[in-house]
Amino acid sequence: MKPIFDIQFMISIVPEILKVVPVTLNITIVSMFFAIIVGLISALVRIYKIPVACQIASTYLSFMRGTPLLVQIYLAYYGIPKILDYAHTYYGWNIDVNGIPAIVFIYFAFTLNVGAYLSETIRAAIQAIDKGQMEAALSIGMTTWQGLRRIIFPQALAVALPSFGNTVISLIKDTSLAFMISVVEMMGQAKILGARGLQFFEVYIVVALIYWIICIIVERTVIRLEKRVKQFERGRSI
Amino acid sequence: MSQENLLEIVSVDRTYVDTDDNTVEALRDINLTVRKGEFLTIIGPSGCGKTTLLRLIAGLDRPEAGEILLAGEKITAPDPQRGYVFQQGSLFPWLTVEKNIAAGLKARGVYQENKADVAQFIELIGLHGFAKSYPHQISGGMAQRVAIARTLINRPVALLLDEPMGALDTFSRADLQDKLLELWENDGTTMVLVTHDVDEAIYLSDRIVIMTPRPGKISEILDVHLPRPRQRGDAEFMALRKNLLEKFHLASSMPQPEYAI
Ligand SMILES: Nc1ncnc2c1ncn2[C@@H]1O[C@H](COP(=O)(O)OP(=O)(O)OP(=O)(O)O)[C@@H](O)[C@H]1O
Ligand SMILES: [Mg+2]
């Protein structure tokens, strides 16, 4: 009897899949980095109720949360070149639209998408910190920004950590959508390998296992960080 | 103590709207002058607006009407000139004792030249050996002393203390009171202390401001002429205590206004 799947083949393709893991991690890290900035700015704008910017942020959040990620990716993929082309033609911006690698559109879409989710997390975390902390900071002579950076952010980060970890894990899994605009990450590579010998099932098992392992590593890391951070939370109320 | 005025609180009102849209007159028509270098205590039952008044002086909140002047200048924002010690613990949990105390210096970019002050203040508040401890590793009494040092290192002209001893046991309380007097006598910092402990008020203050709630108002200002250092068991101390308790009792049991429904 033939085995249901070909272990030999699966082992043989592991190195080929692992070869593109850096692409997945690259998308995750770059998008996460910019998403934190976007999330932080849109959170602060809403916390401090800065006119106009606050409304823009709310609309942005609502749109990002109300439309599918895949649609957002296509919007970036087809929309950005169109806009740049327009700018090129009518405003003389000197951009070679065709020279932009597809991964840039992925960065863009993921940054805005994840930024929207992080914004909510960051806002809730900052607001969970005792108001007295900021007042204490101000009254000993810190500026609002110093108070945020030195006192509020570290504490808010601790609060946000679990939710932050979940966002990273979602993002890692969502990077699999990048192959839709022909960025060769794990899914893209899987398609290529699978098509070679028509052994799609085996390929996807390998891909699934690799995603799983990466996510477990991230999860463990977050739990370890949480434990480190917890010790400061025991702060008494005096 | 000089007769020079440091703080002038002129016709201050502050009303809050709570979650049910009821208005709470936390302060109504407050007039008070605090002299330079004096130890002033504000005493009154819970909810009479003590914290509200102190927050206004600190610049953490704005009055609806009236104004508060420090050395003739209108207070509009928090400033390290007016040190504030919070009713609830407000030490920075991620910073060690030492870094909590140094935070103000660092924020204002004057840490390098005043580095020695940090160790000196740790010594002064009796926390030698705890410089590297985190707030959750020290006792409540110690934490309040750190909070006081954290503001005093900025050399404030006035120190505003909101029931700093409220959550302490009798011993830590007496200990901290003496520490506070020592700091006051050394530096001549003007002290404005909120408390609802009559003994504490008599033991520490030059003047006692009695407040009453709903609306928060000043009902009386009492001079304390007892010589220092004061003895808690003294006949004069006890007489003043009795006098104050009577007033206090009267003040807090004044008939409530009746509302027509
Ligand atoms: N931010 C706020 N929103 C709504 N009401 C408030 C607010 N702050 C204070 N109040 C109300 O104003 C009144 C005075 O409050 P305040 O905290 O100044 O009293 P307090 O004298 O410090 O009392 P305690 O001795 O309990 O600390 C209270 O009735 C309180 O409920
Ligand atoms: Mg209070």
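Right, let's walk through the structure included here. Each chain has its residues counted from 1, following the order in which its sequence is written. Here chains are named by letter from A upward and ligands by number from 1 upward, in the order in which they appear as written. Owing to the predicted nature of the model, reporting of local features is limited to residues with pLDDT of at least 70; listing and counting of side-chain atom pairs is limited to 80 or more, with chain, interface and lining totals taken over all residues. Hydrogens and water molecules were not included; the side-chain quantities draw on all heavy atoms of the structure.

**Looking at the sheet that holds strand S1 (residues 5-17) of chain B**
To summarise the sheet geometry, strands pair through backbone hydrogen bonds and adopt either a parallel or an antiparallel arrangement. All names here are of chain B. Two strands pair under a simple rule: DSSP has to find at least two bridges between them. Secondary structure is summarised from DSSP: a helix means a run of H or I of at least four residues, a strand means a run of E of at least two, and numbering begins at the N terminus for each. An order of S2-S1-S4-S5 is seen for the four strands of this open sheet, with the pairing classed as antiparallel. Because the sheet does not close on itself, it has two edges, and the strands there are strand S2 (23-35) and strand S5 (73-74). Where strand S4 (residues 65-70) lies against S5, two bridges are found, and the strand directions are antiparallel. What sits directly across from Leu70, in S5, is Glu73.

**Quick word on the packing of aromatic side chains**
Ring geometry is summarised as follows: Phe, Tyr and Trp rings, the Trp one being its six-membered ring, pair when their centres sit within 6.5 Å, and such pairs are stacked at plane angles under 30 degrees, edge-to-face over 60 and tilted between the two. In the structure shown here, the tally under the stated rule is nine aromatic pairs over all chains. Residues Tyr77 of chain A and Phe105 of chain A carry aromatic rings whose centres are separated by 5.7 Å and whose planes lie at 75 degrees to one another, so their mutual orientation is edge-to-face. Taken together, the positions of Tyr77 of chain A in helix H4 (residues 69-91) and Phe105 of chain A in helix H5 (residues 102-128) put the pair 28 residues apart, joining distant regions of the chain. Ring geometry for Phe39 of chain B against Trp184 of chain B: centres 5.4 Å apart, planes inclined by 80 degrees, an arrangement best described as edge-to-face.

**Let's talk about the environment of Lys82 of chain A**
Residues and elements named next belong to chain A. On the secondary structure map, Lys82 appears in helix H4. Only protein chains enter the accessibility calculation, which uses a 1.4 Å probe; a residue is then buried when its area is under 20% of its type maximum, exposed when over 50%, and partly exposed in between. The exposed category is assigned to Lys82, whose relative accessible area is 66%. Taking the C-alpha atoms as reference points, Lys82 and Val97, 15 residues apart in sequence, are found 8.5 Å from one another.

**What about the packing of helix H2 (residues 97-107) of chain B against helix H3 (residues 111-124) of chain B?**
All names here are of chain B. Interaxial distance between H2 and H3 falls to 10 Å at its minimum, and their mutual angle equals 145 degrees. Pair H2 / H3 crosses with right-handed handedness. Only Tyr111, Asn114, Val118, Phe121 and Ile122 of H3 make contact with H2, whose side of the interface consists of Glu98, Ile101, Ala102, Leu105 and Lys106. Each residue gets one of three labels, nonpolar for Ala, Val, Leu, Ile, Met, Phe, Trp, Tyr, Cys and Pro, charged for Asp, Glu, Lys and Arg, and polar for the others, Gly among them. Within the contact of H2 with H3, the residues separate by chemical class into seven nonpolar, one polar and two charged. Note on geometry: axes are lines fitted to C-alpha atoms, helical ones only across the stretch in contact, with angles between N-to-C directions running from 0 to 180 degrees. Helix crossings get a hand from a simple test, with the near helix turned counterclockwise from the far one by less than a right angle marking a left-handed crossing and a clockwise turn marking a right-handed one. In what follows, a contact means two residues having at least one pair of non-hydrogen atoms within 4.5 Å.

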